[in-house]
Amino acid sequence: MDGYNVAVVGATGAVGTRMIQMLEESKLPIASVKYLASKRSAGKVLKFKGADVVVEELVPDSFNNINLALFSAGGGVSKKFAPEAVKRGAVVVDNTSAFRMEEGVPLVVPEVNEDALYKHKGLIANPNCSTIQMVVALEPLREVYGLKKVIVTTMQAVSGAGNRAIQELHDETQAILNGEEYEPQVLPVSGDKKHYQIAFNPLAQIDVFEDDGYSHEEWKMIHETKKIMADQDLQVTATCVRVPVAVAHSEAVWFELEKDGADVAKLQSILKTAPGVVLQDDPKNQIYPQAVNAEGKKDTFVGRIRADKEQANSFHLYCVSDNLLKGAAWNSVQIAERLHALNLMRVPD
Ligand SMILES: NC(=O)c1ccc[n+]([C@@H]2O[C@H](COP(=O)([O-])OP(=O)(O)OC[C@H]3O[C@@H](n4cnc5c(N)ncnc54)[C@H](OP(=O)(O)O)[C@@H]3O)[C@@H](O)[C@H]2O)c1
């Protein structure tokens, strides 16, 4: 084969545009690309490695002759069109929450559970952005010491809610600085009843609320972590907060290890060489991860590792990663690279 025919669904979006950038940088053999979006963007011209590519309206037959389809156009679009793509022989990597918890659908972060790819039936789910960076940071420690419990508080960038949310943060901040009125329309959740100011104002709501008071984002972090780590006994809880940052999520993670013997130096030494992790942990020299430095990078930056002084085998860490790259586009393209390397880029019979 000369290369894969690749479709990007949601090519004009915050994730889709990064998906294109990641494909351009990837060593994946690519014969052609097709950019798909809604009717609104059909006819728009985007680039691939310098050449013009005209955005097409998504229809089921868009997937004829496609080998790989990367979806990031919302859960409803994935539910409707991902099965159409698989039916036509394309392997789908889906960025939405549509299939993540479905039995038989691998939910993959290559640094953590690449082996799950062997079981794919044509569709692989990309986890939630906030979950990905946390499991990349915790998995190397879990491999050595086991993991019993995780309590995470997130500080998530507005780009997690798409291009309209980035625009709202910019416009609203500008309006407030100018002393003008601004009517929020997107955040915290575009489809929810009320909208609140995000500029200069963190919001403790990401996605809609469940009946038990947890937000759906918190629910995703809890259940996706258990699925990715294949450990239903792992105790996980989360508080997810949207902060006035454009790109890159930050997370304060408290965790309890199963085995004795860990200390800060040992955890630092494990993370120094862990795949996908960059250790930035030198408080004396004020070195710790920052969102502005993580933007545009594929890694997860980890620092502020401290022992819990009140409880044995328990620690804190702080991790930061570009939600649009490792949290979405890069993780998807990385999955595609691994499918290629493992000779799994095909829909099984
Ligand atoms: N942002 C993140 O950090 C992140 C991380 C992980 C997963 N995700 C998921 O990825 C998806 C997209 O997120 P985003 O942040 O990129 O949103 P976005 O910036 O709002 O972009 C949405 C994309 O979907 C396309 N689209 C919308 N409705 C469509 C339809 N009916 N048919 C075909 N295309 C349609 C849009 O095309 P038009 O230009 O035609 O409107 C656009 O390309 C969401 O499901 C989100 O949950 C996002």
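All values derive from a computational prediction rather than experimental measurement. (Residues numbered from 1 in each chain as written. Predicted model: local features only at pLDDT ≥ 70, side-chain atom pairs only at ≥ 80, totals over all residues. Heavy atoms only, no water.)

## Focus: the site of the ligand
Stage number 1. Around the ligand sit 26 residues, and of these T12, A14, S38, S41 and S159 come closest.
Stage number 2. Within the side chain of S38, a nitrogen or oxygen atom sits 2.5 Å from an oxygen atom of the ligand.
Stage number 3. N323 places a polar side-chain atom, nitrogen or oxygen, 3.2 Å from an oxygen atom of the ligand.
Stage number 4. The fraction of the free accessible surface of the ligand (900 Å²) that becomes covered by protein chains is 76%.
Stage number 5. The set of elements that each furnish at least two residues to the shell around the ligand consists of α1 (14-25), α2 (75-87) and α9 (325-341).
Stage number 6. Within the shell around the ligand, the residues separate by chemical class into 9 nonpolar, 16 polar and 1 charged.
Stage number 7. Built from parts of two domains, the shell around the ligand gets at least three residues from each of domain 1 (4-126 + 328-341) and domain 2 (131-322). (Near = heavy atom within 4 Å. Polar contact = N/O pair within 3.5 Å; in protein donor to acceptor, adjacent residues only side chain to side chain. Areas by Shrake-Rupley, 256 points an atom, 1.4 Å probe, with all protein chains shown as cover. Helix = DSSP H or I, 4+ residues; strand = E, 2+ residues; numbered from the N terminus. Nonpolar A, V, L, I, M, F, W, Y, C, P; charged D, E, K, R; others polar. Domains from an automatic or database assignment.)

## So, the nonpolar core
Stage number 1. By size, the foremost hydrophobic cluster in this structure holds 56 residues, and its most contacted members are F63, F71, L138, V253, F255, L267 and L317.
Stage number 2. Here the element with the most residues in this core is helix α4 (residues 129-145); it accounts for 8 residues.
Stage number 3. Both domains that furnish three or more residues to this core are identified here as domain 1 (4-126 + 328-341) and domain 2 (131-322).
Stage number 4. For V253, the contacting residues outside a window of four places in its chain are M134, L138, V150, I151, V152, F315, H316, L317 and C319.
Stage number 5. Counting 37 residues, the second-largest nonpolar core is a separate cluster that includes V8, M22, V33 and L325. (Core = buried A, V, L, I, M, F, W, Y, C linked by side-chain atoms within 4.5 Å. Buried < 20%, exposed > 50% of the residue type's maximum accessible area, 1.4 Å probe, protein only. Contact = heavy atoms within 4.5 Å.)

## Some words on the domain arrangement of the chain
Stage number 1. Here the chain is described as being made up of domain 1 (4-126 + 328-341) and domain 2 (131-322).
Stage number 2. With centres defined by C-alpha atoms, the gap from domain 1 to domain 2 works out at 25 Å.
Stage number 3. Listed per partner, the contact involves 19 residues of domain 1 and 17 residues of domain 2.
Stage number 4. In this assembly, domain 1 and domain 2 are joined by 2 salt bridges.
Stage number 5. The residue E224 makes a salt bridge to R100 at a minimum N-O spacing of 3.1 Å.
Stage number 6. In this structure, the connection of domain 1 to domain 2 is made through 5 residue pairs in polar contact (both at pLDDT 80 or more).
Stage number 7. Secondary structure elements with two or more residues in the side of domain 1 that touches domain 2: α1, α3 (110-113) and α9.
Stage number 8. Per-element tally for the side of domain 1 that touches domain 2: the top contributor is α1, with 4 residues.
Stage number 9. Of the residues that constitute the side of domain 1 that touches domain 2, the class distribution is 8 nonpolar, 6 polar and 5 charged. (Salt bridge = Lys/Arg side-chain N within 4 Å of Asp/Glu carboxyl O.)

## Considerations on α4
Stage number 1. Here α4 contains 17 residues, and its C-alpha end-to-end distance of 25 Å stays within 8% of the 24 Å for a straight helix at 1.5 Å per residue.
Stage number 2. A maximum bend of about 35° is found in α4 at L138, where proline P140 lies one to four positions downstream.
Stage number 3. G146 occupies a position one or two residues after α4 and carries a positive phi of about 70°. (Expected span 1.5 Å × (residues − 1). Bend = angle between axes of the 7 residues up to and from the residue.)

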